[in-house]
Amino acid sequence: AAAAMLPLLLLISAVRAMAPPRKYAGPGFRVVRCFPKLSRRDADKAVCDARVTVNGRVAKPALRVKSGDVVTLDGRKQDWEAFAASLDGNDRRFVVYNKPAGVTCTTDNNDRRSLRFQPA
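Residues numbered from 1 in each chain as written. Predicted model: local features only at pLDDT ≥ 70, side-chain atom pairs only at ≥ 80, totals over all residues. Heavy atoms only, no water.

Chemist: Help me get a handle on a positive patch on the surface, residues and values and all.
Modeler: A cluster of like positive charges, contributed by Arg 30, Arg 33, Arg 64 and Lys 66, occupies part of the molecular surface. The partly exposed category is assigned to Arg 33, whose relative accessible area is 42%. (Patch = residues over 30% accessible without salt bridge, like charges linked within 9 Å, V, L, I, M, F, W, Y side chains within 5 Å. Areas by Shrake-Rupley, 256 points an atom, 1.4 Å probe, with all protein chains shown as cover. Salt bridge = Lys/Arg side-chain N within 4 Å of Asp/Glu carboxyl O. Lys, Arg positive; Asp, Glu negative; His and termini not counted. Charge placed at Lys NZ, Arg CZ, Asp CG, Glu CD. Buried < 20%, exposed > 50% of the residue type's maximum accessible area, 1.4 Å probe, protein only.)

The following block contains the structure:
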């Protein structure tokens, strides 16, 4: 089973290595979603407390940011575009793997006879 997993791991590594740096190209991304390290409530509170600016102006919770907008939290620039691009449904990549008979794929770490799916 371990030998069958090696081609899949090599394929995933190759796909990741070829991926260019992502930029957001969508129609607009809500400013409160630009902070992946904050919870939704903490991000809402930061915007409502006027701690967030977009292009130098204090942000409102419903504001949508677009590619090239500069988002700051407490004066620190946020790299929101890569995060937004990773959530954009148009840029997903799928890997097809022809799984041999008898090999299972699971997230259960206790199942030693299977491939372990580990999300990136």
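Chemist: Before we move on, can you summarise the nonpolar core with the specific residues and values?
Modeler: The biggest cluster of nonpolar side chains holds 16 residues, and the ones touching the most others in it are Val 31, Cys 34, Phe 35, Val 52, Val 65, Val 71 and Trp 80. Here this core takes 3 residues from helix 2 (residues 40–48), the largest share from any one element. (Core = buried A, V, L, I, M, F, W, Y, C linked by side-chain atoms within 4.5 Å. Helix = DSSP H or I, 4+ residues; strand = E, 2+ residues; numbered from the N terminus.)

Chemist: Got a sec to walk through the pattern of salt bridges? Specific residues and values, please.
Modeler: Charged atoms that come close allow side chains of opposite charge to pair. By the definition in use, this model includes 3 salt bridges. Of the charged contacts in the structure, one is a salt bridge between Arg 40 and Asp 44, with a shortest N-O distance of 3.9 Å. Of this pair, Arg 40 and Asp 44 both sit in helix 2, 4 residues apart, which is roughly one turn of the helix. A relative accessible area of 58% places Arg 40 in the exposed class. For Asp 44, a relative accessible area of 24% corresponds to the partly exposed category.

Chemist: Break down the packing of aromatic side chains for me, citing the residues and quoting the values.
Modeler: For the structure shown, the criterion picks out 1 aromatic pair. Summarising the aromatic geometry, the rings of Phe 29 and Trp 80 are spaced 6.2 Å apart at their centres and angled 20° between planes, so their arrangement reads as stacked. Taken together, the residues span a long stretch of sequence, with Phe 29 in strand 1 (residues 29–30) and Trp 80 in helix 3 (residues 80–87) at a distance of 51 residues. Judged by relative accessible area, Trp 80 falls into the buried class, the value being 1%. (Phe/Tyr/Trp six-rings, centres within 6.5 Å; stacked < 30°, edge-to-face > 60°.)

Chemist: Got a sec to walk through helix 2? Specific residues and values, please.
Modeler: Taken as a whole, helix 2 has its buried residues at Ala 43, Ala 46 and Val 47. When helix 2 is viewed along its axis, its buried side chains cluster within an angular range of 95° and face the same direction. Facing away from the buried side of helix 2 by over 90 degrees, the exposed positions are Arg 41 and Cys 48. Elements that come into contact with the buried residues of helix 2 comprise strand 2 (52–54) and strand 5 (71–73). Ala 50 sits one or two positions beyond helix 2 and adopts a positive phi of about 65°. (Arc of directions from axis to C-beta. Contact = heavy atoms within 4.5 Å.)

Chemist: Could you give an account of the side chain of Asp 69, naming the residues involved and the relevant values?
Modeler: Take Asp 69: it is sitting in the loop between strand 4 (64–65) and strand 5. There is a polar contact of 3.0 Å between the side chain of Asp 69 and the side chain of Asn 55. Not counting chain neighbours up to four residues away, the residues in contact with Asp 69 comprise Val 54, Asn 55, Arg 64 and Trp 80. (Polar contact = N/O pair within 3.5 Å; in protein donor to acceptor, adjacent residues only side chain to side chain.)

Chemist: Kindly report on unusual backbone geometry, identifying the contributing residues and their values.
Modeler: Its identity as a non-glycine residue notwithstanding, Ala 50 has a phi of 65°, on the positive side. Its location among the elements puts Ala 50 in the loop between helix 2 and strand 2. Phi at Asn 55 takes a positive value of approximately 55°, unusual for a residue other than glycine. Positionally, Asn 55 belongs in the loop between strand 2 and strand 3 (57–58).

The values reported here are purely geometric and, on their own, carry no functional implication.
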